[in-house]
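Summary of the model geometry
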Amino acid sequence: MNYLDFNDKELTPTLKELSLLEVRNVCMQCQNCELGKKRTNLVFSDGHANAPVMLIGEAPGAEEDETGVPFVGRAGKLLNQLMQECGISREKDLYICNTLKCRPPENRDPKPEEKNACENYLMAQINIVRPKLIVLCGATAAKFFLGDDIKISQIRGKKYLLFNKIPATVIFHPSYLLRNHSEEVNSPRWLTKKDLTAVKKFIDTL
Ligand code: URA
């Protein structure tokens, strides 16, 4: 498999001595940006730490903020459905988290200072879970790792190597798919199924 090497970020989190639970506890106290004051719940992760695949989304929405669990709203349900159709088990195969751990008001795009404030938590999650594959779900997660210049429609399905060692790929965000219903060949939904089928194939090689 050919990977596009990508080493812009370093996997050297300041929280590297901590367990996932301890990182979560630090995160629960976090007031490093204004979103900390407004959250109902921290949305740290779902799934188990030994999962082969880490899926990274954008930020919690209203239902995630209510429940403390990522990807449980409409977008999450669609993601679950598409993964199921491609043979991926959310419970068995995935550790799921977001670029931001707190909900931005009105689901607006995360601000640069919010992404910076959350970066150490995400890096710590990656460092501890050490997934075999990272799936960057949507533009916010993809830009966070691959740079602001990327166009999701041009890079989805491509394979990257993050931090010189962890394979990663990019898929459309399910919120985008909620606005694009077509399942025709080469439609965003069709392409996402193709990309998730490739993720399933990767899982099956492990
Ligand atoms: N969208 C995301 O990116 N993450 C969630 O947890 C929910 C919706």
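Everything that follows concerns the structure shown earlier in this document.
Just so it is clear, the structure is predicted and the values come from calculations on it, not from any experiment.

1. Quick word on the pairing of strand E4 (residues 94–98)
- Counting buried positions over the 5 residues of E4 gives 5, a clear majority of the element.
- Of the two faces of E4, the one lined by Leu94, Ile96 and Asn98 and the one lined by Tyr95 and Cys97 are each fully buried.
- Sheet topology note: the strand E2 (residues 46–47)/E4 ladder contains 2 bridges and is antiparallel. From the neighbouring strand, Asp46 faces E4, where its bridge partner is Ile96.
- Here 5 bridges tie strand E3 (residues 53–57) to E4, and the two strands are oriented parallel to one another.

2. Details of helix H7 (residues 139–146)
- Within H7, 6 of the 8 residues are buried, leaving the element largely enclosed by the surrounding structure.
- The set of residues buried in H7 consists of Thr140, Ala141, Ala142, Phe144, Phe145 and Leu146.
- Once H7 finishes, Gly147 follows within two positions and takes phi at roughly 105°, a positive value.

3. Overview of the pattern of salt bridges
- Applying the stated criterion across every chain, the model contains 9 salt bridges.
- Two residues, Lys38 and Glu34, come together in a salt bridge whose shortest N-O distance is 3.8 Å.
- A relative accessible area of 34% means that Glu34 is categorised as partly exposed.
- Here Arg90 and Asp46 are joined by a salt bridge, their closest N and O atoms 2.9 Å apart. Of the two residues, Arg90 sits in helix H5 (residues 90–93) while Asp46 sits in strand E2, which places them 44 residues apart along the sequence.
- Looking at Asp46, the relative accessible area reads 26%, which means it is partly exposed.

4. A word on the site of the ligand
- Taken together, Gly57, Glu58, Ala59, Glu64, Pro70, Phe71, Asn98 and His173 form the complete shell of residues around the ligand.
- With respect to the ligand, the backbone of Glu58 contributes an N or O atom lying 2.7 Å from an oxygen atom.
- Between the ligand and Asn98, the relevant distance is 2.8 Å, taken from a nitrogen atom to a side-chain nitrogen or oxygen of the residue.
- Taking 230 Å² as the accessible area of the ligand by itself, protein coverage stands at 93%.
- Residues of the shell around the ligand, tallied by class, amount to 3 nonpolar, 3 polar and 2 charged.

5. Let's talk about the nonpolar core
- Ranked by internal contacts, the top residues of the largest apolar core, which has 66 residues, are Ile56, Ile126, Ile134, Leu136, Phe145 and Leu146.
- Among the elements that make up this core, the one with the highest residue count is helix H6 (residues 112–129) (8 residues).
- Leave out the neighbours within four places in its chain, and Ile56 touches Cys97, Asn98, Thr99, Leu122, Ile126, Ile134, Val135, Leu136, Cys137, Ala141 and Phe145.

6. A closer look at unusual backbone geometry
- Backbone geometry places Asn164, a non-glycine residue, at a positive phi of 70°.
- Following the sequence through the fold, Asn164 ends up in the loop between strand E6 (159–162) and strand E7 (166–171).
- One non-glycine residue, Asn186, adopts positive backbone phi at about 75°.
- Tracing the backbone through its elements, the reader meets Asn186 in the loop between helix H9 (174–178) and helix H10 (188–205).
- Judged by its relative accessible area of 53%, Asn186 falls in the exposed class.

7. Remarks on the sheet that holds strand E5 (residues 133–137)
- Ordered by their spatial adjacency, 7 strands build an open sheet running E1-E6-E7-E5-E3-E4-E2, and the pairing between neighbours is mixed. Only two strands of the sheet have a single neighbouring strand rather than two, namely strand E1 (4–6) and E2.
- Here H10 sits on the sheet in contact with E3, E5 and E7, set at roughly 155° to E7.

8. Points about the side chain of Lys101
- Tracing the chain through its elements places Lys101 in the loop between E4 and H6.
- Only 2.6 Å separates the side chain of Lys101 from the backbone oxygen of Asn98, close enough to count as a polar contact.
- A polar atom in the side chain of Lys101 sits 2.6 Å from the side chain of Gln125.
- Apart from residues no more than four positions distant in its own chain, Lys101 is found in contact with Cys27, Asn41, Leu42, Val43, Phe44, Pro60, Cys118, Tyr121, Leu122 and Gln125.

Cut-offs used in this document
Residues numbered from 1 in each chain as written. Predicted model: local features only at pLDDT ≥ 70, side-chain atom pairs only at ≥ 80, totals over all residues. Heavy atoms only, no water. Buried < 20%, exposed > 50% of the residue type's maximum accessible area, 1.4 Å probe, protein only. Helix = DSSP H or I, 4+ residues; strand = E, 2+ residues; numbered from the N terminus. Pairing = 2+ DSSP bridges. Salt bridge = Lys/Arg side-chain N within 4 Å of Asp/Glu carboxyl O. Near = heavy atom within 4 Å. Polar contact = N/O pair within 3.5 Å; in protein donor to acceptor, adjacent residues only side chain to side chain. Areas by Shrake-Rupley, 256 points an atom, 1.4 Å probe, with all protein chains shown as cover. Nonpolar A, V, L, I, M, F, W, Y, C, P; charged D, E, K, R; others polar. Core = buried A, V, L, I, M, F, W, Y, C linked by side-chain atoms within 4.5 Å. Contact = heavy atoms within 4.5 Å. Axes fitted to C-alpha atoms, helices over the stretch in contact; angles between N-to-C directions.

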